[in-house]
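Structure assessment
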Amino acid sequence: MTLKRDFDDAVDVEGLALYIHWPFCVSKCPYCDFNSHVRDSVDQHRWRVALLADLAHEAALTPGRPLSSIFFGGGTPSLMPPETVAALLDAAERHWGFAPGIEITLEANPSSVEAARFADLAAAGVNRVSLGLQALDDEALHFLGRAHDVAEGLAALDTAQRSFDRVSFDLIYARPGQSDAAWEAELARALSFGTGHLSLYQLTIEPGTRFATLAAQGKLPPVDPDDAARLFEATRAITAAAGLPAYEISNHARPGEESRHNLAYWRYRDYLGIGPGAHGRRGGTATVRRKKPENWLARVDATGHGLESEEDLAPATRAIEALLMGLRLEEGVDLARIARRTGMAPDRLVDEAAITRLAKMGLVAREGSQLRILAPGMLLLDAILGDVVAASD
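Residues numbered from 1 in each chain as written. Predicted model: local features only at pLDDT ≥ 70, side-chain atom pairs only at ≥ 80, totals over all residues. Heavy atoms only, no water.

1. Topic: helix 7 (residues 150–163)
Taking 1.5 Å per residue, 14 residues should reach 20 Å; helix 7 reaches 20 Å between its end C-alpha atoms and fits that length. Looking only at helix 7, the buried set comprises Val150, Gly153, Leu154, Ala156, Leu157, Thr159 and Ala160. Contact partners of the buried residues in helix 7: helix 4 (112–115), helix 5 (118–124), strand 4 (128–134), helix 6 (138–143), strand 5 (166–173) and helix 8 (180–192). If you check the start of helix 7, you find a side-chain oxygen 3.4 Å away from the backbone N of alanine 151, and it comes from aspartate 149. (Helix = DSSP H or I, 4+ residues; strand = E, 2+ residues; numbered from the N terminus. Expected span 1.5 Å × (residues − 1). Buried < 20%, exposed > 50% of the residue type's maximum accessible area, 1.4 Å probe, protein only. Contact = heavy atoms within 4.5 Å. Polar contact = N/O pair within 3.5 Å; in protein donor to acceptor, adjacent residues only side chain to side chain.)

2. A word on the nonpolar core
Membership of the largest hydrophobic core comes to 99 residues, with the highest contact counts inside it found for Leu18, Ile70, Phe72, Val85, Trp96, Leu349 and Leu371. The element that contributes the greatest number of residues to this core is helix 3 (residues 82–95), accounting for six residues. For valine 85, the residues in contact, after removing those within four places along its chain, are Phe72, Met80, Leu106, Leu121, Ala124 and Val126. Counting residues in hydrophobic clusters, the runner-up holds seven residues, among them Phe71, Tyr265, Tyr271 and Ala278. (Core = buried A, V, L, I, M, F, W, Y, C linked by side-chain atoms within 4.5 Å.)

3. Here's the deal with the sheet that holds strand 15 (residues 370–373)
The strand order 13-15-14 describes an open sheet built from three strands, whose pairing is antiparallel. The open sheet is flanked by strand 13 (333–334) and strand 14 (364–367), the only strands paired with a single partner. As paired strands, strand 14 and strand 15 are joined by four bridges and run antiparallel to one another. Along strand 15, the bridge assignment pairs arginine 366 with leucine 371. Against the sheet, helix 15 (residues 352–360) makes contact with strand 14 and strand 15, and its axis sits at roughly 115 degrees relative to strand 14, the strand it touches most. (Pairing = 2+ DSSP bridges. Axes fitted to C-alpha atoms, helices over the stretch in contact; angles between N-to-C directions.)

4. What about empty space enclosed by the protein?
Applying the stated rule across the entire model yields one cavity of 30 Å³ or more. The calculated volume of the largest cavity comes to roughly 120 Å³. Arg267, Val333, Asp334, Arg337 and Ile338 are the residues nearest the centre of the largest cavity, which is lined by 15 residues in total. Elements supplying a minimum of two residues to the lining of the largest cavity: helix 13 (315–326), strand 13 and helix 14 (335–342). (1 Å grid on protein atoms, 1.4 Å probe; cavity = no way out; pocket = protein on both sides within 12 Å on 5 of 7 lines; lining within 4 Å. Points joined across faces, edges and corners; volume = space filled by probe spheres on them.)

5. Here's the deal with the side chain of glutamate 248
For glutamate 248, the location among the structural elements is in strand 7 (residues 246–248). Separated by 2.8 Å, the side chain of glutamate 248 and the backbone nitrogen of serine 250 make a polar contact. A distance of 2.7 Å separates polar atoms of two side chains, one belonging to glutamate 248 and the other to arginine 328. When near neighbours in sequence (up to four residues on either side) are disregarded, glutamate 248 contacts Trp266, Arg328, Leu329 and Glu330.

6. A few points about the pairing of strand 11 (residues 285–289)
Among the five residues that make up strand 11, four are buried, leaving the element largely enclosed by the rest of the structure. Pairing geometry for strand 10 (residues 279–282) and strand 11, over four bridges, is antiparallel. Across the sheet, residue arginine 282 finds its bridge partner in strand 11, namely threonine 285. Here strand 10 folds back onto strand 11, and the loop between the two strands holds two residues, one of which, glycine 283, carries a positive phi near 60 degrees. In the sheet, strand 11 pairs with strand 12 (residues 307–312) via five bridges, with the strands oriented antiparallel.

7. Structural notes on the environment of aspartate 33
One can find aspartate 33 in the loop between strand 1 (16–22) and helix 2 (44–61). For aspartate 33 and tryptophan 47, which are 14 residues apart along the polypeptide, the C-alpha to C-alpha distance reads 23 Å. Not counting the four nearest positions on each side in its chain, aspartate 33 is found in contact with Glu206, Pro207 and Thr209.

Right under this line is the structure:
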C-alpha cells in the first residue's frame, strides 16, 4: 500500500488525465442528462480542427506533464471518424508525451455500425473501450430507449473483445418491476463474458430528462428504496464472489483493471477537459467549456479555445471536492494528503464527532489519516457525506 500511495503522489505531480467530449448521439435516451445532442449532420473536418485547437490551448498551459490517461466521452464518441481520433491522439502525444502504459478509453454504443469501426479505433491508439450495453433484456432495452437489441449488443461486445486490450460495459439495474432473481440472472450472464470491468448503475430519474417528465405524470413509478438497497447489496456480493469487487460505489473490476482515468477524478488529480461542456481541474483552477456544440464551435473560431470560464478554487472548495469524490472509493481518502494538496488544516476537513458516531454504527472506518465508507454506509453515501464533510473557509 505504501508503494501504491507513493506512486499516486508522483502521478499527482507529473501525470495528467485528458477528457475529450464528443457531443453527438443518434438519439437521446430518456434517462440521459449528459451533454448529448442529435444533429442531422456534422461537419467532421470543422470539428476535427476545432478539437485540435482546444487541445493545443490546454497543452500550452500545462507543459512538461505527460498524460497518464485519455478518455473520449459523450455523447457517442464511437460516432467519431477514426481519423479524428487518430489526429487527436497524435497531437496529444506531441504536446504532452505519454506516460508508460497510458490508458486510452473510448465510450461506444453497441451498434453494428459503430462496432465496424472498432478495429480502426484500436489502430488509432485506443486500448480500452467502455460499451453502453445497459441491459441484457430486449424489453428493458426498449424501455431505456436504446437503439440496439441484445443480439446486436453481444455481437458488438464480441467485436470489442477481439479489438481492444481492455473492455468494460455498463448495465442499468433497479428498473421498474425488476425482481431480485431477474437482476441476479442478468448479472451472472454479464459476468460470464469475462470482461475485467463492469459499471453497474441503479436507474436514477434525473431532472430535465424524459423519464423525469413521465415520473412527474405518475407514469413511471419510483423503485422502492428497500428493493434498491437489496439489489445493491446483492450486486456487491455477486461481483466480489466473481473476482470483480466494487472499487467505487458503481464500478467493479478485477484487481489492476480499474479505470485509471476515472480514478484520476476520484483521487482528485489534475485533469484537462476539452470539447463542448467539458470540465477540468488545472492546478487548483476549475475550467468549463461552452456547453452547446454550436456555441463551443463559435468560441473556438473566435478565440482558439472553447472556454466558458476559469475559476481559481478556494482551498476549502478543493478540499470538499476531494472528499466528495474520494469517499466514493472503497479505499477512501487520505486526509493528510488532502490537507497537503489544499493547504487546509487536517482538523478542519471533517467532523470528527460525526465520524466517531458513524464508526460506532459500522458505517465508516478511520485508521490514522485514512477515512473510508464501509459497505453498509455506501447505501447512505449522500447522507454520510453531508454529516462528515466539514471543510469551510
